[in-house]
Each structure stands twice: as structure tokens, then as C-alpha cells.
Amino acid sequence: QAQAVESGGGLVQAGGSSLLSCAASGRRFGNFAMGRFRLAPWKERESVAAIRLSADYTYYADSVNRRFSIAKDNAKNTTYLQMNSLKPEDAVVYYCAVATSLYGGSWWNPSKYNYWGQGTQVTVSS
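First, a word on what this report is: a plain description of the structure on this page.

Rules used in this analysis
- Residues numbered from 1 in each chain as written.
- Predicted model: local features only at pLDDT ≥ 70, side-chain atom pairs only at ≥ 80, totals over all residues.
- Heavy atoms only, no water.
- Core = buried A, V, L, I, M, F, W, Y, C linked by side-chain atoms within 4.5 Å.
- Buried < 20%, exposed > 50% of the residue type's maximum accessible area, 1.4 Å probe, protein only.
- Helix = DSSP H or I, 4+ residues; strand = E, 2+ residues; numbered from the N terminus.
- Contact = heavy atoms within 4.5 Å.
- Salt bridge = Lys/Arg side-chain N within 4 Å of Asp/Glu carboxyl O.
- Disulfide = S-S within 2.5 Å.
- Polar contact = N/O pair within 3.5 Å; in protein donor to acceptor, adjacent residues only side chain to side chain.

Quick look at the nonpolar core
- Within the largest apolar cluster, 23 residues are counted, with the highest numbers of intra-cluster contacts made by M34, F68, L81, M83 and Y94.
- Secondary structure elements with two or more residues in this core: β3 (18-25), β5 (45-52), β7 (68-73), β8 (78-83), β9 (93-99) and β11 (120-125).
- Not counting residues within four places of it along the chain, the set of residues in contact with L81 comprises S18, L19, L20, R36, A49, F68, S69 and I70.
- Counting residues in each nonpolar core, the second largest holds eight residues, with A50, A99, L102 and Y113 among its members.

So, in C-alpha cells, the structure goes:
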């Protein structure tokens, strides 16, 4: 069974940094994608950042493009989300997910992802 295991997060002061990790296992993901998602104010998943595991493509939401960075370690099937200059509005649960089918466009869209982790809470204090 495919799994996505998340780690990191926790409490950080506003303006600080945090690192989230996500490791996928159980099947080959090298030609797929892994992303980080959070709930939008309207309670729907939105993509924060995503990365193709066998290509040099990344995606960032406009709100985090200058502050967050996603990287991959294909040997470990692991991605890392480096979050800098954290704001109170960044204090949400971040979900890691894996997409095993990238047919069609918008590969970063949460509807493409079918293996989801349990979520990692990021708390930002003033």
C-alpha cells in the first residue's frame, strides 16, 4: 500500500522558518509528483507547492512564491518544503500527497493527487 509520511512543523514565531518533510513509500513514484496542500478559506484543498519527481518542474502558489521552496530527494522518495518569513496566515495544517497519474494539464491541482498523508500542523505565534 502506498503511503505518504509527513514530519516537521510545530510552533514557530512570526518571521521565522520551518521545514516540512514528506516521504513516500510502497510503490514507484519517480515519474509522478508530490505536493503540499492546505485548506482554503472556503474549505477546499489548494496547492501550496508541488514538484515533479522525474522532471525539473515546480509549482508555487502566488502567496508563498517568494517565501517557500520545495525540493526533492529522489533516492529517498522524499520532498522538503522550506518555509521562510512565516506569517500568522500560514498557520494551518499542511497535507502532503502523491499524484500517480498526471494525465492532462495542471499537474499541481489537488484533484490529481490520490495518496494523502495525515497532515502536519504549523503554528505561527506573534
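What follows picks up the thread again.
Here's the deal with the pattern of salt bridges
- All chains considered together, the criterion is met by four salt bridges.
- When the shortest N-O distance is used, the salt bridge between R36 and E6 registers 2.8 Å. Taken as a pair, R36 in strand β4 (residues 33-39) and E6 in strand β1 (residues 3-8) lie far apart in primary sequence, 30 residues in all.
- The class of R36 is buried, set by a relative accessible area of 1%.

Things to note about the state of the cysteines
- The full count for this structure, using the stated rule, is one disulfide.
- Paired through a disulfide, C22 and C96 show a sulfur-sulfur distance of 1.9 Å. Across the disulfide from C22 to C96, rotation about the S-S bond amounts to roughly -85 degrees, and the bridge is consequently left-handed. Within this pair, whereas C22 is found in strand β3, its partner C96 is found in strand β9, the two being separated by 74 residues in sequence. Each of the two residues, C22 as well as C96, counts as buried.

Focus on the side chain of T100
- Positionally, T100 belongs in the loop between β9 and β10 (115-116).
- What makes T100 buried here is its relative accessible area of 14%.
- A polar side-chain atom of T100 sits 2.6 Å from a polar atom in the side chain of N114.

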